[in-house]
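Here's the letter readout for the chains.
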Amino acid sequence: EAAVTQSPRNKVAVTGGKVTLSCNQTNNHNNMYWYRQDTGHGLRLIHYSYGAGSTEKGDIPDGYKASRPSQENFSLILELATPSQTSVYFCASGDGGQSNTEVFFGKGTRLTVV
Amino acid sequence: GQQVQQSPSSLVLQEGENAELQCNFSSTATQLQWFYQSPGGSLVSLLSNPSGTKHTGRLTSTTVTKERRSSLHISSSQTTDSGTYLCAIKRGNYKYVFGAGTRLKVIA
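Fair warning: this is a prediction, and the values are worked out from it, not measured in the lab.

J.: Give me the environment of Leu-76 of chain A: which residues, what numbers.
T.: Residues and elements named next belong to chain A. The residue Leu-76 is located in strand β8 (residues 75–78) in this model. Considered as a pair, Leu-76 and Leu-21 are 55 residues apart in the sequence and their alpha carbons are 5.1 Å apart. With residues up to four places along the chain from it excluded, the contact list for Leu-76 reads Val-19, Thr-20, Leu-21, Trp-34, Ile-46, His-47, Tyr-64, Lys-65 and Tyr-89.

J.: An account of the sheet that holds β8 of chain A is requested, with residue identities and associated values reported.
T.: Residue and element names in this part refer to chain A. Strand order in this open sheet of four strands is β1-β3-β8-β7, and the pairing throughout is antiparallel. With one partner strand each, in any of the chains shown, β1 (4–7) and β7 (65–67) form the two edges of the open sheet. Each strand of the sheet is rotated relative to its neighbour by a mean of 20 degrees, with strand direction disregarded.

J.: I'd like to hear about the pattern of salt bridges, residue by residue, with values.
T.: Scanning the entire structure with this criterion turns up six salt bridges over all chains. Here Asp-38 of chain A makes a salt bridge to Arg-44 of chain A, at a shortest N to O gap of 3.0 Å. Given a relative accessible area of 15%, Asp-38 of chain A falls into the buried group. Across the salt bridge formed by Glu-67 of chain B and Arg-69 of chain B, the nearest N and O atoms sit 2.7 Å from each other.

J.: Hey, could you go over the packing of aromatic side chains for me, with residue numbers and the actual values?
T.: What the rule picks out here adds up to eleven aromatic pairs over all chains. On the numbers, 5.4 Å between centres and 90 degrees between planes, the contact of Phe-105 of chain A with Phe-35 of chain B is edge-to-face. In this pair, Phe-105 of chain A sits in strand β10 (residues 103–105) while Phe-35 of chain B sits in strand β4 (residues 31–37), so the two residues belong to two different chains. For the residue pair Phe-105 of chain A and Phe-35 of chain B, the accessibility class agrees, reading buried in each case. Among the aromatic residues, ring-to-ring pairing joins Tyr-33, Tyr-35, Tyr-48, Phe-90 and Phe-105 of chain A together with Phe-35, Tyr-96 and Phe-98 of chain B into one connected group.

J.: Can you tell me about the pairing of strand β9 (residues 87–94) of chain A, naming the residues and giving the values?
T.: All names here are of chain A. Among the eight residues that make up β9, eight are buried, leaving the element largely enclosed by the rest of the structure. The two faces of β9 match: Ser-87, Tyr-89, Cys-91 and Ser-93 on one face and Val-88, Phe-90, Ala-92 and Gly-94 on the other face are all buried. Taken together, the seven bridges between strand β4 (residues 31–38) and β9 define a ladder with antiparallel strand orientation. By the bridge assignment for β9, Met-32 is matched with Ser-93.

Cut-off values and rules
Residues numbered from 1 in each chain as written. Chains lettered and ligands numbered in written order. Predicted model: local features only at pLDDT ≥ 70, side-chain atom pairs only at ≥ 80, totals over all residues. Heavy atoms only, no water. Helix = DSSP H or I, 4+ residues; strand = E, 2+ residues; numbered from the N terminus. Contact = heavy atoms within 4.5 Å. Pairing = 2+ DSSP bridges. Axes fitted to C-alpha atoms, helices over the stretch in contact; angles between N-to-C directions. Salt bridge = Lys/Arg side-chain N within 4 Å of Asp/Glu carboxyl O. Buried < 20%, exposed > 50% of the residue type's maximum accessible area, 1.4 Å probe, protein only. Phe/Tyr/Trp six-rings, centres within 6.5 Å; stacked < 30°, edge-to-face > 60°.

Right, dumping it as structure tokens:
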């Protein structure tokens, strides 16, 4: 069974503080993703990576950085958290290429910025 | 404009009725996947179906690639089917784009 683990599951941060969300996958997938989910917007792609050492901007990258130090780990970093970044964040992993493979999600991190 | 559009946005059924969910996409897709999300929960993959018809349990998905549309049929709905159903397409090698989802409520 494909496994994507996110930590922490819940986080309260203060405005202006630094927040790091972590994601680990044991699927040996090349691609990893960070999405946020908000009512009225659905799932939106923040950053993604197609392998260790790579990070790419998704559709809404402003205010976020990403880091992929290894095949298994992909972090999302909010250097200066703002209340507008209050959301549920999902990490996912999947194979690259034009393959008929699936993407698998973690259980999400609920972030509240006060 | 929106690349993945789902309809209806919400649906209420009596237990035992069938549900038909639609997904239309505006760009070429190398993969199409249907997900289920329980209220406050994570996304669980239901079916991966870039073309043709696939069945699993009470679920049937039909994707017509040339017409850029996919459907998810849920037969004999149960109260435990309640939640949000999301359609996602894969663009190129990397990016998945999601629709806004269909909220399904099944009442006993």
